[in-house]
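A look at the structure
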Amino acid sequence: MSSRKAIVETYFEGFRRRDHAQILDCLTADVIWDLPGHAHLAGKEAFDREIGRPDATEGPTLLIDRLVEEADTVSAIGIGGGSQPSGERFRFAFCTVCTFAGDKIRRVESFVVPLKSGE
């Protein structure tokens with residue numbers, strides 16, 4: 001596994017564990033996070049606020065099907081799930097595109113598609 005793919009794996013593991021420090025350590029200070037249809041965030045502080053759900057009782061399930069690397073970009077494709085504060089479960093498919101500057105992620109583009117319970 002390449003070093004950049006390993007960093008993306010570490011980034012996702014941080015989400016699973018709800019470990020903000022682990023996630024933020026993978027990012028440049030000027031990171032950009034685009035979540036089409038939801039938000040455009042700039043900087044680690046904004047990133048940290050977005051991932052800080054005090055109502056979450058557990059980290060999400062994130063199963064990476066494959067990592068695709070080309071030049072300074074690693075894309076992670078997979079499925080995930082979690083629970084709402086109400087206890088209702090949800091599932092989604094995702095493609096997260098991480099663009100690197102050196103050995104840190106400088107841009108994250110997260111494409112998320114909700115799945116029905118049977119999908």
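Residues numbered from 1 in each chain as written. Predicted model: local features only at pLDDT ≥ 70, side-chain atom pairs only at ≥ 80, totals over all residues. Heavy atoms only, no water.

1. Some details on helix H1 (residues 3-17)
The periodicity of an α-helix, 3.6 residues per turn, causes residues three or four positions apart to be oriented the same way. The line we're drawing: Going along the chain from the N terminus, every DSSP run of H or I of four or more residues is numbered as a helix, and every run of E of two or more is numbered as a strand. Multiplying one less than the number of residues by 1.5 Å gives the expected span of a helix. Using a 1.4 Å probe on the protein chains alone, a residue whose accessible area is under 20% of its type maximum counts as buried, one over 50% counts as exposed, and one in between counts as partly exposed. Throughout, the arc means the angular range of directions from the helix axis out to the C-beta atoms.
An ideal rise of 1.5 Å per residue puts 21 Å on 15 residues; H1 measures up with 21 Å between its terminal C-alpha atoms. Among the residues of H1, those classed as buried are Ile-7, Val-8, Tyr-11, Phe-12, Gly-14 and Phe-15. Down the axis of H1, the sector holding all buried residues measures 145 degrees, keeping them to one side. Backbone geometry just after H1 places Arg-18 at a positive phi near 60 degrees.

2. Examining the nonpolar core
To keep it simple, the criterion reads: Side-chain atoms within 4.5 Å link the members of a nonpolar core, which is a set of buried Ala, Val, Leu, Ile, Met, Phe, Trp, Tyr and Cys residues.
If you look at the biggest cluster of nonpolar residues, it comprises 26 residues, and the most contacted ones within it are Val-8, Tyr-11, Phe-15, Leu-27, Trp-33, Phe-47 and Ile-105. Elements supplying a minimum of two residues to this core: H1, helix H2 (20-25), strand E1 (27-35), helix H3 (44-51), strand E3 (61-70), strand E4 (73-83), strand E5 (89-101) and strand E6 (104-115). A per-element tally of this core places H1 first, with 5 residues.

3. Observations concerning the pairing of E1
The following threshold applies: Here, strands pair whenever DSSP counts at least two bridges between them.
Relative to E6, E1 is paired through 4 bridges, and the arrangement is parallel. Along E6, the bridge assignment pairs Leu-27 with Ile-105. Taken together, the 4 bridges between E1 and strand E2 (residues 39-42) define a ladder with antiparallel strand orientation. For Leu-35, the partnering residue across the bridge sits in E2 and is Ala-39. Hairpin connection, E1 to E2: the antiparallel pair is bridged by 3 residues, and Gly-37 has positive phi, about 85 degrees.

4. Here we look at the packing of aromatic side chains
For clarity, the threshold we go by: Aromatic rings from Phe, Tyr and Trp, with only the six-membered ring used for Trp, were paired whenever their centres fell within 6.5 Å, and each pair was classed as stacked if the ring planes differed by under 30 degrees, edge-to-face if by over 60, and tilted otherwise.
Within the structure shown, the criterion is met by 8 aromatic pairs. For the ring pair Phe-12 and Phe-94, a centre distance of 5.5 Å and an interplane angle of 25 degrees mean the geometry is stacked. Highlighted residues: Phe-12 in helix H1 and Phe-94 in strand E5, separated in sequence by 82 residues. Accessibility assignment for this pair places Phe-12 and Phe-94 in one class, buried. One aromatic cluster is present, built from ring pairs that chain together Tyr-11, Phe-12, Phe-15, Trp-33, Phe-47, Phe-90, Phe-92 and Phe-94.

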